[in-house]
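Working through the structure, step by step
Each chain, letter by letter, is given below.
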Amino acid sequence: MKRWIMHVDMDAFFASVEQRDHPELKGTPVIVGGLSKRGVVATASYEARKFGVHSAMPISKARELCPNGNFVVPRFDAYKEASDKVHEIMLHYADTYEPISLDEAFLDISGMGSHYPTLGAIGRAIKKEIKEKTELIASVGIAPNKFLAKMASDMKKPDGLCIIPYGKEKGILRPLPVRRLWGVGKVTEEKLIRAGFHIIGDIQDAPESALTGLLGENQGHMLKRLSVGLDDRPVEGDRSIKSIGDESTYEKDLTGLSEIERQIAMHSDIVAQRLRKHELTARTITLKIRFSSFKTITRARSLDDGTSLQEEICENALLLLKKIPIHEGVRLIGVTASNLGPPISMGSLFDDNKEKRNRAARAMDEIQEKFGKKALQKGFWVESEDKT
Ligand code: TTP
Ligand code: MG
């Protein structure tokens, strides 16, 4: 099996969250940063980058370059919330997943081939889900290793999707400045340039001894390998999932109780599928409702036994809904499963009926994976309606 690594990086992350939450900022140069005299730019929207504004630049300099820009103080809580959602989505696209920062992660997607027809389809699917659920844009790079995947995610920003296939590594790297190699900072760059290495191609053409002589055994060897696109670093997964949730913010606030219940049923279905995919069960179900006024209520219930069944998750979420007075439109609904544990083992169950339902749910997951999400949806809803 060929190794394929995906790197996902959000576009102008803090600035994009500001533009999303303050529609009047959309399409304008937005500069997020400390606004005191000595403050620096955290990030700038792509509209502001046209003026030469970039991260880590003094705010005073940004004001000179872009006097009509919208200067905004950071709202870290909002960025953390958006980041949590993005990471929760990304987690489901890989067997191994390594969060790198608030807006960035590596995913080992080598084993995802049976779920998607092409590499591009995985990239498009993750971009689409992130956009639908967070209204934010991600750029995606897919390549044989981490070094190239990170480079690829940057190559077509913003809203990029770039694949570096096996065999193209050397050619793509060749014309790029040596600074683009992983681990080359200012000092090493100067050393390389003084020795006549300007572009990565210069390193490709030189014998390894020229590099090790200049930079020492380790770094010389590593840079020689990177220059031809070789990088063995594994994606180091953090497998400790604490909770699995699904939520949506609606374009139009929901008012009817039956529509709210239907949305809860849908979120419960997604949460249940994800639990089964990760071979987990949950003993706590949480329902989050945010109203038009942004007032947010969260209620949780604990179960006696762990579950990964849609109907049990939904049933508990609906009981929680009864405890929340609905006096205004509903802007957001979220269902989360936590207090996670191992799956219910086959055969060791006193509840025969539950085991049967588990088996049926797993069979449906398999069919959906093979034939796409739409395959069973209709039948599924009919079936769940019959039961209630
Ligand atoms: P980046 O991913 O480096 O930058 P970005 O998402 O703003 O823009 P793009 O990826 O499209 O080039 O960093 C992610 C966030 O981290 C960024 O939105 C703000 C924060 N950050 C700082 O606060 N200071 C910095 O110097 C950098 C580079 C980023
Ligand atoms: Mg980014």
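This report concerns the structure included in the present document.

Rules used in this analysis
Residues numbered from 1 in each chain as written. Chains lettered and ligands numbered in written order. Predicted model: local features only at pLDDT ≥ 70, side-chain atom pairs only at ≥ 80, totals over all residues. Heavy atoms only, no water. Helix = DSSP H or I, 4+ residues; strand = E, 2+ residues; numbered from the N terminus. Contact = heavy atoms within 4.5 Å. Areas by Shrake-Rupley, 256 points an atom, 1.4 Å probe, with all protein chains shown as cover. Lys, Arg positive; Asp, Glu negative; His and termini not counted. Charge placed at Lys NZ, Arg CZ, Asp CG, Glu CD. Near = heavy atom within 4 Å. Polar contact = N/O pair within 3.5 Å; in protein donor to acceptor, adjacent residues only side chain to side chain. Nonpolar A, V, L, I, M, F, W, Y, C, P; charged D, E, K, R; others polar. Buried < 20%, exposed > 50% of the residue type's maximum accessible area, 1.4 Å probe, protein only. Salt bridge = Lys/Arg side-chain N within 4 Å of Asp/Glu carboxyl O.

Looking now at the overall build of the chain. Across its full length, the chain holds 15 helices and 12 strands. Each of the three principal axes of the chain carries a C-alpha extent, and together these read 75 × 50 × 30 Å. Intrachain contacts of the chain at a sequence separation of at least 6 include 64% that bridge at least 24 residues. Accessible surface for the chain amounts to roughly 19900 Å². Of this, 54% is attributable to carbon and sulfur atoms. Between the centroid of the 59 positive side chains of the chain and the centroid of its 55 negative side chains there is a distance of 3 Å.

All right, on to the site of ligand 1 then. Around ligand 1, the structure places 13 residues, and the nearest of them are Asp9, Ala12, Thr43, Tyr46 and Arg49. With respect to ligand 1, the backbone of Met10 contributes an N or O atom lying 3.0 Å from an oxygen atom. Here Tyr46 contributes a side-chain N or O atom positioned 2.6 Å from an oxygen atom of ligand 1. In the complex, the protein chains occlude 67% of the 550 Å² of accessible area that ligand 1 would expose alone. Class assignment of the residues belonging to the shell around ligand 1 gives a composition of six nonpolar, two polar and five charged.

Structurally, Asp108 is set in strand 6 (residues 104-108). Buried and unpaired, Asp108 has no salt bridge, with Arg3 as the nearest side chain of opposite charge at 4.7 Å. Of the polar contacts made by the side chain of Asp108, one reaches the side chain of Ser110; its length is 2.5 Å. Every residue in contact with Asp108, bar those within four places of it in the chain, is listed here: Arg3, Trp4, Ile5, Ala94, Asp95, Thr96 and Val235.

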